Amino acid sequence: GFFSAVARLEKLVQEEREIVAAVKQHIQNGGKVSADMKRYVDSFDDNNTVPEPDYIAHHPVRAYFLIKRLSKITLSETKKLTGKEVQLPTVEDLHMTALALIVLQDVYSLDMRSLVQGQLVMVSQSTNGAEPQITEICGKDPTFTLDPSDTYYIGEVACKENKFYQAVLWFNLTLEIMREKEKSLLKIGDEQTDRPGPRMRDVLLKLADTVQKIKWDRDVFMAVSKLGAKKTNAEGLSHLSNLLENAISSLSKPIRTEIPHINYENLCRLGVLKNRAPHPTLTCRYVRPNPYFYLSPAKMELLHERSPLVALYHDVITDKEVNKMKDIALRRMGRSPVVADDGGEMFSRTRVSETGWIFDTEHPMIAKLSRRVGYITGLDVNLPYGEAFQVLNYGLGGFYEPHVDYFRDEQPVLLTNGQRIATFLFYLSDVKAGGATVFTRLNLTVPAVKNSAVVFHDLKKSLAFEQDSEHAGCPVLMGSKWNIMAALLAFVGDILTKNRQLPNINAIGNPFSERQLERFCFHHVPVIGALSYSAFSTNILAYKAFDELFTSRHLVVANCLLLNSHLGIGLYLFNTPTIRAANTRWRVAWSVYGSAMFNFGSILLWATVKEIIPEHAVLRVGFGVLSSVCFLLVGKKYLDHVDTKLAKSKPKQK
Ligand SMILES: O=C(O)CCC(=O)C(=O)O
Ligand SMILES: [Fe+2]
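Predicted model only: the values in this text are computed from it and were never measured.

Caption draft 1: Quick peek at the overall build of the protein. Across its full length, the protein carries 22 helices and 19 strands. If you take every contact in the protein between residues at least 6 apart in sequence, the share linking residues at least 24 apart comes to 73%. If you sum the accessible surface of the protein, you get close to 33700 Å²; carbon and sulfur atoms cover 57% of it.

As structure tokens, this is what we get:
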């Protein structure tokens, strides 16, 4: 549906232009169109500049108008006139867009009088009786003004969704607007019946009906029955209107008990404000969770230190990667499911977004991204330990109500066979307003910041459920929210037999340990050095073959190999027990000396041999590899020998 992903709305705006242009052309050529279609295209003024797709698609009221007008024309006629396969919004789309307006107004306490003019104004009621805080998120645009038929329709949608309190607000608003238009209550009885939109009598009765659904009121009930079937009864209507005013003023917003709603909404509202100001208790550090980050450390904001850990990493995904992921996802997105109690999947009103699943085997760029998730968390991201990436695009007003990511006991883990131990959530877009991720039990709001990622634990170290990891995606008020959710799994059976504890998740911002650094410098680098040394022999012995292989990159590759070889052998020497026994200055000197002698000695030897063995590529490469392996082994053996000798002769320290 168009309601469940803003990306679809963006596309729809583009398509609408083409539809309008094609139909106008058709009319100009003397073609006939239906009255609905004529009305539709006539609403587009040729002289007006066309707004950007985002201007429409990223704003709930403007998107409502887009969906509304397009759901008034028929698919068959549009296809015929444009000669193209098009998709148009359905009645469900309109219903869900109205629902989005209801939810947004409710969660963000949007001022309704502003909302009807397309203006987004958040009113935060302060608890200590001070003046309410008013935040304007978006200015008004008179081109997008909801009229009574719209607000009445939205009220009806609220009723259908059993949101009676919200329905009362919308019906009441409808009345207010109508009264202002009519200027005087006295006109109530003799309304003109040919005016489009709802009639005041109908709205009043509907309002009375809805109020009664929340709280039965004897007086209202009587007034309604007295009105009876009589069409015009100005006195009765104004009496009912007064009664309703009283009844409504005593209503208060119902509290939903099934989820920690108050906290969720407060945190979401904070998210809108926080988009504008940095968090006051910000703790930022540069971290190196893995040697991979040695030169360019990750930028980490620690949001919650005690269990569960919640950390925000900045700039962990590049724009290029973001675009690639969105691109792939767009082609396969479908309504996001939630896990049902029986372990199956279902669609729910508690999650309004679309998902595209992407495996890291699909593209090297994605594999790299996946490895990065592994480096940061220190967890195995390979199948079956990492789930495929879920790329998400939320709909307007789209949200994900408070939930936990681990599979609860009553949900057999059909999907994955493993339990989720950590969640890695990338943000692929800045959201203009709303759409924060909130942790309802930690009182924590994380605004979506493009290219960053929030990481948190789903299980405790003891493998117990981390109930405090409960979180939610707040409704998107303005803009388009894109996420990638990567869940990291553990197979609980595995853990129990192997370590009896969760693997260490190092996304705590600890710098990678000294042991890890040592292993990197004195193991990984020497191994790479030895391989490079061996490969470099080919550059000397079979220069032509090497040149053909690397063409214009020949020089770069050769120099890199030689550099690796120097580094690897140098570091290896630096760490041998014998050399380690000396002071740093000598350690450096001997390592550099040893590495230079070994490398340049080999090069000289290969250059000499080259002159005497036949010009045969395979033979020469073979000789190079074989000799390099020999030299490395002989050298290593020699060093080992010296080291053991030295260890034996060393007097035991007391
Ligand atoms: O969109 C968000 O902020 C939260 C998403 C989420 O929690 C999930 O996909 O599991
Ligand atoms: Fe989640």
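Caption draft 2: How the structure looks around the side chain of Ser336. Mapped onto the elements of the fold, Ser336 is located in the loop between strand E6 (334-335) and strand E7 (338-339). The class of Ser336 is buried, set by a relative accessible area of 0%. A polar contact of 2.7 Å, which involves the side chain of Ser336, links it to the side chain of Ser353. Here Glu354 takes part through its backbone nitrogen, which lies 3.3 Å from a polar atom of the side chain of Ser336.

Caption draft 3: Fine view of the site of ligand 1. The environment of ligand 1 is made up of 13 residues, and the closest members are Tyr394, Thr437, His471, Lys481 and Asn483. Measuring from an oxygen atom of ligand 1, one finds a side-chain N or O atom of His403 at 3.1 Å. Within the side chain of His471, a nitrogen or oxygen atom sits 2.8 Å from an oxygen atom of ligand 1. Contact with the protein chains covers 98% of the free accessible surface of ligand 1, which is 290 Å². A breakdown of the residues in the shell around ligand 1 according to their chemical character gives 5 nonpolar, 5 polar and 3 charged.

Caption draft 4: Structural context of the pattern of salt bridges. Enumeration over the complete set of coordinates arrives at 21 salt bridges. Close ionic contact of Asp42 with Lys38 constitutes a salt bridge, the shortest N to O distance being 2.7 Å. Residue Asp42 and its partner Lys38 are located together in helix H2 (residues 35-42), separated by 4 residues, close to a single helical turn. The partly exposed category is assigned to Lys38, whose relative accessible area is 36%. Taking the shortest distance from any N to any O, the salt bridge between Arg441 and Glu470 comes out at 3.9 Å. Highlighted residues: Arg441 in the loop between strand E14 (437-439) and strand E15 (444-446) and Glu470 in the loop between strand E16 (453-457) and strand E17 (471-473), separated in sequence by 29 residues. Judged by its relative accessible area of 14%, Glu470 falls in the buried class.

Caption draft 5: Focus on the state of the cysteines. Scanning all chains against the criterion turns up 1 disulfide. A sulfur-sulfur distance of 1.9 Å marks the disulfide that ties Cys268 to Cys474. Residues Cys268 and Cys474 are joined by a disulfide whose S-S torsion is about -90 degrees; by sign, that bridge is left-handed. Of this pair, Cys268 sits in helix H13 (residues 261-274) while Cys474 sits in the loop between E17 and strand E18 (476-478); the two residues are 206 residues apart in sequence, bridging distant segments of the chain.

Caption draft 6: Looking closely at the packing of aromatic side chains. Overall, the coordinates contain 14 aromatic pairs when judged by the stated rule. These aromatic residues form a ring-pair network of at least three members: Tyr55, Tyr64, Phe65 and Phe144. For the cation-ring pair, Lys481 lies above Tyr394, with the distance from its terminal atom to the ring centre recorded as 4.6 Å.

Caption draft 7: View of the packing of helix H1 (residues 6-28) against helix H4 (residues 60-70). Where H1 meets H4, the axes come as close as 11 Å, and the angle between the chain directions of the two elements is 55 degrees. As the angle between them shows, H1 and H4 are arranged oblique. Here H1 runs over H4; the crossing is left-handed. Between H1 and H4, the residues in contact are Leu9, Leu12, Val13 and Glu16 and Ala63, Leu66, Ile67, Arg69 and Leu70, respectively.

Caption draft 8: Structural detail: the side chain of Arg420. In this structure, Arg420 sits in strand E12 (residues 419-427). Among the residues examined, Arg420 registers a relative accessible area of 9% and is labelled buried. A polar contact is formed between the side chain of Arg420 and the side chain of Glu387, at a distance of 2.7 Å. One polar contact links the side chain of Arg420 to the main-chain carbonyl oxygen of Asp405, over a distance of 3.1 Å.

Caption draft 9: View of the pairing of strand E10 (residues 389-394). With 6 of its 6 residues buried, E10 lies for the most part within the structure. Going residue by residue along E10, you find Phe389, Val391 and Asn393 tucked away on one face and Gln390, Leu392 and Tyr394 tucked away on the opposite face as well. Bridging between strand E9 (residues 353-358) and E10 involves 6 bridges; their strand directions are antiparallel. Counterpart to Glu354 in the pairing with E10 is Asn393.

Caption draft 10: Examining the coordination of the iron ion (ligand 2) more closely. Each protein donor to the iron ion (ligand 2) is listed here as His403 (NE2), Asp405 (OD) and His471 (NE2); together their distances run 2.0 to 2.2 Å. Summarised as a motif, the one-chain spacing of the donors to the iron ion (ligand 2) is H-x1-D-x65-H. Looking at His403, the relative accessible area reads 14%, which means it is buried.

Caption draft 11: Looking closely at the nonpolar core. Core analysis: the biggest nonpolar cluster contains 90 residues, and Leu9, Tyr108 and Leu477 have the highest contact counts within it. Per-domain counts for this core show at least three residues from each of domain 1 (6-226) and domain 2 (261-498). When sequence neighbours within four positions are dropped, the list of residues in contact with Leu477 reads His58, Pro60, Leu104, Tyr108, Leu110, Leu120, Ile137, Val272, Leu396, Ala433 and Gly434. Membership of the second largest hydrophobic core comes to 40 residues, among which are Ala311, Val316, Ile366 and Tyr406.

Caption draft 12: Representation of the environment of Arg371 in the model. Here Arg371 lies in helix H15 (residues 364-377). According to the relative accessible area criterion, Arg371 is partly exposed, its value standing at 42%. Separated by 11 residues in the primary sequence, Arg371 and Asn382 have C-alpha atoms spaced 8.5 Å apart.

Caption draft 13: Region of interest: the sheet that holds strand E11 (residues 400-403). Taking strand neighbours across the sheet as the criterion, the 4 strands line up as E11-E17-E14-E15 in an open arrangement whose pairing is antiparallel. The open sheet is flanked by E11 and E15, the only strands paired with a single partner. Taking the axes of each pair of neighbouring strands and ignoring which way they run, one obtains an average angle of 15 degrees across the sheet. In the sheet, E11 pairs with E17 via 2 bridges, with the strands oriented antiparallel. What sits directly across from His403, in E17, is His471.

Caption draft 14: Examining the confidence of the model for the protein more closely. Averaged over the protein, the pLDDT score is 86; the fraction of residues at 70 or greater is 89%. The weakest mean pLDDT in the protein belongs to helix H16 (residues 492-498) at 53; the strongest belongs to helix H19 (residues 554-575) at 96. This stretch, residues 507-511, has a pLDDT under 50; its non-local contacts, to residues over four places away or in other chains, come to 17 contacts.

Caption draft 15: Representation of H4 within the structure. Judged by how many residues are buried, H4 sits mostly within the fold: 10 of 11 residues are covered. Every buried residue belonging to H4 is among Pro60, Val61, Arg62, Ala63, Tyr64, Phe65, Leu66, Ile67, Lys68 and Leu70, and all of these are buried.

Caption draft 16: Inspection of the packing of helix H8 (residues 148-160) against helix H10 (residues 200-214) at higher detail. Running from amino to carboxyl end, H8 crosses H10 at an angle of 25 degrees, the nearest separation of the two axes being 12 Å. Classed by the angle they form, the pair H8 and H10 counts as roughly parallel. Of the two possible hands of crossing, H8 and H10 adopt the one that is left-handed. Contacts between H8 and H10 involve Tyr152, Glu156 and Cys159 from the former and Asp202, Val203, Lys206 and Thr210 from the latter.

Reading the values: rules and limits
Residues numbered from 1 in each chain as written. Chains lettered and ligands numbered in written order. Predicted model: local features only at pLDDT ≥ 70, side-chain atom pairs only at ≥ 80, totals over all residues. Heavy atoms only, no water. Helix = DSSP H or I, 4+ residues; strand = E, 2+ residues; numbered from the N terminus. Contact = heavy atoms within 4.5 Å. Areas by Shrake-Rupley, 256 points an atom, 1.4 Å probe, with all protein chains shown as cover. Buried < 20%, exposed > 50% of the residue type's maximum accessible area, 1.4 Å probe, protein only. Polar contact = N/O pair within 3.5 Å; in protein donor to acceptor, adjacent residues only side chain to side chain. Near = heavy atom within 4 Å. Nonpolar A, V, L, I, M, F, W, Y, C, P; charged D, E, K, R; others polar. Salt bridge = Lys/Arg side-chain N within 4 Å of Asp/Glu carboxyl O. Disulfide = S-S within 2.5 Å. Phe/Tyr/Trp six-rings, centres within 6.5 Å; stacked < 30°, edge-to-face > 60°. Lys NZ or Arg CZ within 6 Å of the ring centre and 35° of its normal. Axes fitted to C-alpha atoms, helices over the stretch in contact; angles between N-to-C directions. Parallel < 35°, antiparallel > 145°, perpendicular 65-115°, else oblique. Left-handed = near helix turned anticlockwise from the far one by under 90°. Pairing = 2+ DSSP bridges. Donors = N, O, S within 2.8 Å, 3.2 Å for Na, K, Ca; no water. Core = buried A, V, L, I, M, F, W, Y, C linked by side-chain atoms within 4.5 Å. Domains from an automatic or database assignment. pLDDT = per-residue confidence, 0-100.

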